[in-house]
Amino acid sequence: QHLRRSRGQNGPELQWKGHGATYSTMAFEVILKLQHQYWRNVNYSWGRLSFFITMSLLLGSLYYKINYHTVAGMNARASSIFISCMLLGVTNAQNVIPQIVRMRAVYAREKASNQYSAFLYNIAWTLAEIPYLAVATLAFCCIFLSMVNMAVDSAGHFFLYWFISLLFFLSVTYFGMLLAVISPMPQIASVLAPMVIGIWVSTGGLVIPKRMILRQFIWIFWTNPLQYALHSLTTLIYFCDTAKPECTNGVANLGCLTDPLQCPACDCPRLEDSTQHVFVWRQIRFNRTLRPERIPYDILALFLFCVVFRFLTYLALKYMKHNRRA
């Protein structure tokens, strides 16, 4: 009481700027916190793994060791890649939206108390998805590819298929996060996700081939992460070097293109129901405009989609009005 009523001079006014902990401490804590949240969120993490395993068994049974030496079998095998990417991608984008909406309230509370920054929260959300999605994708690839008999000729092909699939699923999941952050209400994000993915499906290169897309709308094709995944995965599965010495030997033995007797040592598969006995790879390359040298660029494009979606999510998390409310 004596101190409160005394006429002493006040000290300097306290001004609190920035965060109380160091940046490295905050980064460690928020990343660990998000990892714990994902680990404890059994319905989301285990539910996704269960769904991936279920879909691998279902699609693997549907396309079990399908004969791709016919036109119908070739198209069906390519469709299995498309269906797996589409179903799992849409499910990831839709399921992540309610999770981010719920965690957005926690972010607003901790941001109001100046506990963590928007950038660190964005990094933590990015890293939290990777291990669980990687395991789920690996489980799917192990079951689905072995049943359909794709990418099983070498470990390199298998893990490349898994890595490309993981990048695509990550990009679609991060796109769902972006929609959850930019939408004031989760219902808006749930409506936008299937609309945008529907456009991706239509311009992915399978429903409408690239050569049939109007020049005015070709930019939709090149801004579509689905087409990069489909192009690289389909090329990986079907590619066979028909120019090797056992086949056409460059251009020295062009008769091999239509006559198997001209190159009996060539092991590249052909279409059995085709009168010209064309190679499977040459036919699907023409139908889908495939180029094997484009695979590294497809991987780079999928990675850039992940980066762009996360950067836009950070901007929305930091500057959009409904995310700055205390």
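Higher on the page you've got the structure.
Now for a quick tour of the structure.

Criteria and cut-off values
- Residues numbered from 1 in each chain as written.
- Predicted model: local features only at pLDDT ≥ 70, side-chain atom pairs only at ≥ 80, totals over all residues.
- Heavy atoms only, no water.
- 1 Å grid on protein atoms, 1.4 Å probe; cavity = no way out; pocket = protein on both sides within 12 Å on 5 of 7 lines; lining within 4 Å.
- Points joined across faces, edges and corners; volume = space filled by probe spheres on them.
- Helix = DSSP H or I, 4+ residues; strand = E, 2+ residues; numbered from the N terminus.
- Nonpolar A, V, L, I, M, F, W, Y, C, P; charged D, E, K, R; others polar.
- Disulfide = S-S within 2.5 Å.
- Buried < 20%, exposed > 50% of the residue type's maximum accessible area, 1.4 Å probe, protein only.
- Salt bridge = Lys/Arg side-chain N within 4 Å of Asp/Glu carboxyl O.

**Focus: empty space enclosed by the protein**
No. 1: According to the stated counting rule, one finds two cavities of 30 Å³ or more in the structure shown.
No. 2: In this structure, the largest cavity occupies an estimated 90 Å³ of space.
No. 3: Every residue lining the largest cavity is listed: Gly204, Gly205, Lys210, Phe221, Gln227, Leu230, His231, Arg288, Thr289, Leu290 and Arg294.
No. 4: Of the residues forming the lining of the largest cavity, the biggest block, three residues, is contributed by helix α9 (residues 225-238).
No. 5: When grouped by side-chain class, the residues that make up the lining of the largest cavity number three nonpolar, five polar and three charged.
No. 6: Empty space within the second largest cavity amounts to approximately 40 Å³.
No. 7: Forming the walls of the second largest cavity are Cys85, Met86, Gly89, Val90, Phe168, Val172, Ile197, Trp200 and Leu226.
No. 8: Of all the elements in the fold, those that place two or more residues in the lining of the second largest cavity are α4 (71-112), α6 (155-182) and α7 (186-202).
No. 9: No other element matches the four residues that α4 contributes to the lining of the second largest cavity.
No. 10: Here the lining of the second largest cavity is composed, by residue class, of eight nonpolar, one polar and no charged.

**Quick word on the state of the cysteines**
Should the sulfur atoms of two cysteines be covalently bonded, the bond is a disulfide.
No. 1: Scanning all chains against the criterion turns up three disulfides.
No. 2: Across the disulfide, Cys240 is cross-linked to Cys268 (sulfur-sulfur distance 2.0 Å). The chirality of the disulfide connecting Cys240 with Cys268 is left-handed, given an S-S dihedral of about -80°. On the criterion of sequence distance, the pair formed by Cys240 in the loop between α9 and α10 (280-288) and Cys268 in the loop between α9 and α10 is long-range, its members being 28 residues apart.
No. 3: Cys240 gets classed as buried once you look at its relative accessible area, which sits at 13%.
No. 4: Paired through a disulfide, Cys256 and Cys263 show a sulfur-sulfur distance of 1.8 Å. Handedness of the Cys256-Cys263 disulfide follows from its S-S torsion of about 75°: it is right-handed.
No. 5: Once the bonded cysteines of the chain are numbered in order along the sequence, the disulfide links fall as 1-6, 2-5, 3-4.

**Digging into the pattern of salt bridges**
Opposite charge on two side chains makes pairing possible when the charged atoms of those side chains draw close.
No. 1: All chains considered together, the criterion is met by four salt bridges.
No. 2: Measuring nitrogen to oxygen at the nearest pair gives 2.6 Å for the salt bridge that ties Asp267 to Lys244. Here Asp267, found in the loop between α9 and α10, pairs with Lys244, found in the loop between α9 and α10; they are 23 residues apart in sequence, far enough to count as distant.
No. 3: Relative accessible area serves as the criterion here: at 57%, Asp267 is assigned to the exposed category.
No. 4: The salt bridge partner of Asp298 is Arg294, with a shortest N-O separation of 2.9 Å. Each member of the pair Asp298 and Arg294 is classed as buried.

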